[in-house]
Amino acid sequence: MESFALIAAVSAYAVAGALSAAWLGGLAAGAARAARVACGIAFLAQLYVIGARGVAHVHPVSSVGDAIGFAGWLIAGAYLIALVVRRAHPLDAVGAVVAPLAAVALVTTRIAGAAAPGREADFGLLGRVHISLAALGVGLLALATAVAVVYLAEDRQLKRRRVGHLVRRGIALETLDALAHRLVLVGFPVFTLALLSGAAWLHRLGQGMRVEYPLALIAWGLFGVLLLARTTAGWRGRRAALLTLGGFASAALAVGLYVMRGTGA
Amino acid sequence: MALHDLVVIGLSHRTAPVEVRERLAVPEVDLARTLAEIVALGQVGEATLLSTCNRVEIVAAARGSAAGAAAELRHFLGLRSGLAGGALDEHLYEHAGRDAIRHVFRVAAALDSLVVGEAQILGQLKIAYGAASRSGAAGPVLSRFLERAFVVAKRVRTETGVARGAANVASAAVELARRIFGSLDGRSVLVVGAGKMSGLAARRLVTAGARHIVVTNRSPDRAATLAQEVGGTARPFAELETLLAGADVAIFSTGAAEPIVDRAMMKRVARSRRGRPIFLVDIAVPRDVAAAAAELDGVYLFDVDDLGRVVEENLAERRREAEAAERLVDDEVDGFSGWLKAQAIVPTIKDLRARFEEVARVEVERAVAALGPEAGPRQADEVRRLADAIVAKLLHAPTMALRQGGDVDGLALAEAARRLFALTPGAPVSAAPETAAPATAVKDRGGPA
């Protein structure tokens, strides 16, 4: 049943993302409504998975994989709450980003290997804190990056003096820019704490530097430059979006290497 | 009232050139007097007159037959037009019954407008209805009808995309500004040149929330005049670069032969803006802003052709959305037709039931009396139950036939039932079905139920 719920959640997230994207591409408003429903179903299916594992005494961050999936679930939940609070259609554009993100996070859960009941890796408190912070921080930065991608796509259309469905139905450029900035503002300190706790954790384990750590530091540096340049030199818009993409690419590479290595710590 | 009592007759931009339309146009101040003339016609019970630059039409509830009312209205319009020998007829359209309902719903929803989805027609129809109500020309039928038309128009506007997207260049500029900035509240607008179009676009931006309007022009007097019109301030043309640095939206419409803003100037402006985007609306021909300026980050430049293309795309989108709107209108026509039919059918069903029940009651009383005193209350109740059951079973089929009959069939059956069972309002039921009601009594029924 848990496997079925997991498959249902991934499928429903994928369908929600595809429908939102199709709506942005010009499909009728019904597509956006269907996307909301699909995202809601996926969220509930994943809630079932988390709940079932909880009953089996598996903590949501018992492994890196679990933590990534849990972060995706939190982001999808935040999006659904935002939809309920503000029923404006432009928010559906965010669904085209959030739903695939949550789906990818869930798939990563399987690739990275979710902890089996009774066989959770013994990360200790510090390890769990690090994994939780890293998953949340990378999740928020991923969201910022996704918003930045939408910004670049809209910017490209407006620069070409074409007003396609994306511009008509999407969120205004300045709003996207501000949204991405806020997400980085929140995600960056979380990511910083994740790096610090990760360094402390590695030190406690007595392990040396790993290849993903410099990559994570590069990502941290790029996001730091982004925030600094925005404050001091007014970097925003397209330039900020490209820097966000660069920073996230580095962070994603770090996470990817960690996941592919498949170690418990 | 019967469904076919609603009549629409008139002409529009689709059927008549402006030379003909202007002959029938009725100024708002003359509406009451003209409506009084219309309802004075013998066959017209209620009327509303819609007169806009694109259409003149009369929506009427006929007192008698729709054909009779339409003929009178056609004659009335012919006289008003002053065109000889029925020359107006080729331009007139005429709708009755269900077609009339559909036509008015479509007009109210701006599906029959020159620009599909435009907002003015609904306001014009409301003005027409208001004038008809005040003058007493609109009664219960048209009131119900037109108020439903307003609801339909609102549904079409909110539930479909027919009203989405700008339909003219000035509105397109506002729409694009929103796509860049989101809300326009408190935004700064710079108007460069004092042309009519730039003034119009500036006014639209003010309506959309922009607050700080600055006008600059080579001629300070014209700048001051436009600034006064749009509630802004006039500044010297020499300050153009500084003014651009402080604006969110700049509208250009000078008569300059060469671009007045080149890439180098815009680069300096963009640098001083520290990444804040700027939207340049260049509606001047020749263009005021060099195309290369748009290559800079945060600079969004649309010229008059670009805006025209946006408008065209919006209109195409509206036309696509109009299909969904037509389906919504069809549903509403069904709903209103059903209501109208019920106004004619329900009284007939009630009268039919009352007739049968009264006959049964009289016959039951007669039978109970004939049974004599030895018949107890139980036998009397049995007789009554028997009579009620017979009445219910006999009425079931005709009632269903009346309810389920179509717009035309249902009304024809209702009329037949009235004739067959001599159902005249207020007639003593016990006056027996043997007495046939005069045909005129049936024919006279009509008008609002």
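Calculation rules
Residues numbered from 1 in each chain as written. Chains lettered and ligands numbered in written order. Predicted model: local features only at pLDDT ≥ 70, side-chain atom pairs only at ≥ 80, totals over all residues. Heavy atoms only, no water. Helix = DSSP H or I, 4+ residues; strand = E, 2+ residues; numbered from the N terminus. Rg over C-alpha atoms; globule rule 2.2 N^0.38 Å. Contact = heavy atoms within 4.5 Å. Lys, Arg positive; Asp, Glu negative; His and termini not counted. Charge placed at Lys NZ, Arg CZ, Asp CG, Glu CD. Buried < 20%, exposed > 50% of the residue type's maximum accessible area, 1.4 Å probe, protein only. Domains from an automatic or database assignment. Polar contact = N/O pair within 3.5 Å; in protein donor to acceptor, adjacent residues only side chain to side chain. Pairing = 2+ DSSP bridges. Axes fitted to C-alpha atoms, helices over the stretch in contact; angles between N-to-C directions. Right-handed = clockwise from strand over helix to strand, strands pointing away. Phe/Tyr/Trp six-rings, centres within 6.5 Å; stacked < 30°, edge-to-face > 60°. Lys NZ or Arg CZ within 6 Å of the ring centre and 35° of its normal. Buried area = accessible area lost by both parts, 1.4 Å probe. Salt bridge = Lys/Arg side-chain N within 4 Å of Asp/Glu carboxyl O. Nonpolar A, V, L, I, M, F, W, Y, C, P; charged D, E, K, R; others polar. Expected span 1.5 Å × (residues − 1). 1 Å grid on protein atoms, 1.4 Å probe; cavity = no way out; pocket = protein on both sides within 12 Å on 5 of 7 lines; lining within 4 Å. Points joined across faces, edges and corners; volume = space filled by probe spheres on them.

Enquirer: Explain the overall build of chain B residue by residue, including any values.
Expert: Summing up its helical and strand segments, chain B has 15 helices and 10 strands in all. The C-alpha atoms of chain B give 33 Å as radius of gyration, which overshoots the globular expectation for 449 residues (22 Å, by more than 25%). Principal-axis analysis of the C-alpha atoms gives chain B an extent of 115 × 60 × 30 Å. Looking at chain B alone, contacts between residues at least 24 apart form 73% of all its contacts between residues at least 6 apart. The positive charge centre, built from 57 side chains, and the negative charge centre, built from 57, are 4 Å apart in chain B.

Enquirer: If you had to explain the overall build of chain A to someone new, which residues and values would you point to?
Expert: Helix and strand content of chain A: nine helices and zero strands. Going from the N terminus to the C terminus, chain A shows its helices and strands as α-α-α-α-α-α-α-α-α. Taken over the C-alpha trace, chain A has a radius of gyration of 19 Å; the compact-globule value for 265 residues is 18 Å, and the two agree within 12%. Principal-axis analysis of the C-alpha atoms places the extent of chain A at approximately 55 × 50 × 30 Å. Taken over 265 residues, chain A has a buried fraction of 50%.

Enquirer: Can you explain the domain arrangement of chain B? Please cite residues and give values.
Expert: Annotation of chain B at the domain level lists domain 1 (3–164), domain 2 (169–308) and domain 3 (338–443). In this structure, domain 1 of chain B and domain 2 of chain B have C-alpha centres spaced 43 Å apart.

Enquirer: Outline the environment of R204 of chain B, listing residues and values.
Expert: All names here are of chain B. Mapped onto the fold, R204 is located in helix 8 (residues 196–207). When near neighbours in sequence (up to four residues on either side) are disregarded, R204 contacts N168, A170, S171 and V174. Of note is the side chain of R204, whose polar atom sits 3.2 Å from the side chain of N168.

Enquirer: Just give me the short version of the sheet that holds strand 4 (residues 93–96) of chain B, but keep the residues and values in it.
Expert: Residues and elements named next belong to chain B. Ordered in space as 2-3-1-4, the four strands form an open sheet in which the pairing is antiparallel. A single partner strand is all that each edge strand has here, and the edge strands are strand 2 (44–51) and strand 4. Strand-to-strand, the axes of this sheet are offset by a mean angle of 15 degrees, without reference to chain direction. One ladder, built from seven bridges, connects strand 1 (residues 6–12) with strand 3 (residues 55–62); its direction is antiparallel. When the bridges of strand 3 are listed, S12 appears paired with R55. Taken strand by strand, helix 4 (residues 98–108) contacts strand 1, strand 2, strand 3 and strand 4, and its axis lies near 115 degrees from that of strand 4.

Enquirer: Any chance you could break down the pairing of strand 8 (residues 249–252) of chain B for me, citing the residues and the numbers?
Expert: Residue and element names in this part refer to chain B. On strand 8, burial covers both faces: V249 and I251 on one face and A250 and F252 on the other are all buried. Two strands pair when backbone bridges link them, and strand 5 (residues 188–192) and strand 8 are joined in this way by four bridges, in the parallel orientation. What sits directly across from V192, in strand 8, is F252. In this sheet, strand 9 (residues 278–282) lies alongside strand 8 in parallel orientation, the contact comprising four bridges. The residue bridging A250 from the neighbouring strand is L280, located in strand 9. Considered for its hand, the β-α-β crossover made up of strand 8, helix 11 (residues 263–272) and strand 9 is right-handed.

Enquirer: Residues and numbers for the packing of aromatic side chains, please.
Expert: In total, this model carries 10 aromatic pairs over all chains according to the counting rule given. Centroid distance F70 of chain A to W73 of chain A: 5.8 Å. Interplanar angle 20 degrees. Geometry classified as stacked. Here F70 of chain A and its partner W73 of chain A are both found in helix 3 (residues 64–85), three residues apart, which amounts to about one turn of the helix. The buried category is assigned to W73 of chain A, whose relative accessible area is 13%. Taken together, the ring pairs connect F105, F145, F336 and W339 of chain B into an aromatic cluster. The ring of Y300 of chain B carries K159 of chain A above its face, with NZ or CZ at 5.3 Å from the centroid. Above the plane of the ring of F150 of chain B lies K126 of chain B, whose end atom (NZ or CZ) is 5.6 Å from the centre.

Enquirer: Quick one: what's the story with the interface of chain B and chain A, residue by residue and with numbers?
Expert: If you look at the interface, chain B gives 31 residues, while chain A gives 24 residues. Of the roughly 2100 Å² buried between chain B and chain A, counting both surfaces, carbon and sulfur atoms make up 42%. Per-residue buried area on chain B facing chain A is highest for R179, R274 and Y300 of chain B; these three make up 32% of the total on that side. Put simply, chain B and chain A have six salt bridges between them. A salt bridge links R161 of chain A to D303 of chain B, with the nearest nitrogen and oxygen atoms 3.5 Å apart. Taken together, the elements giving at least two residues each to the side of chain B that touches chain A come down to helix 7 (169–181), strand 10 (299–303) and helix 12 (304–371) of chain B. Counted by class, the side of chain B that touches chain A contains 12 nonpolar, four polar and 15 charged residues.

Enquirer: I'd like a rundown of helix 5 (residues 120–135) of chain B, residues and numbers included.
Expert: Because each turn of an α-helix spans 3.6 residues, side chains separated by three or four positions in sequence point in the same direction. Residue and element names in this part refer to chain B. The terminal C-alpha atoms of helix 5 lie 23 Å apart, and with 16 residues this matches the ideal 22 Å at 1.5 Å per residue to within 8%. In the core, the buried residues of helix 5 are packed alongside helix 2 (31–39), strand 2, strand 3, helix 4 and helix 6 (140–159). Where helix 5 terminates, the next one or two residues include G136, which has phi positive at roughly 85 degrees.

Enquirer: Which residues make up empty space enclosed by the protein, and what values go with them?
Expert: Residue and element names in this part refer to chain A. Counted by the stated rule, this structure contains five cavities of 30 Å³ or more. One number sums up the size of the largest cavity: a volume of about 150 Å³. For the largest cavity, the lining is made up of 15 residues, of which V49, I50, R53, D66 and F70 are closest to its centre. Secondary structure elements with two or more residues in the lining of the largest cavity: helix 2 (29–55), helix 3 and helix 4 (91–112). Per-element accounting of the lining of the largest cavity gives the leading share, four residues, to helix 2. Split by residue class, the lining of the largest cavity holds eight nonpolar, four polar and three charged. Taken as a whole, the second largest cavity holds about 100 Å³ of empty space. Forming the walls of the second largest cavity are 13 residues, and the residues nearest its centre are D177, A180, H181, A240 and T244. Of the residues in the lining of the second largest cavity, the class split is eight nonpolar, three polar and two charged.

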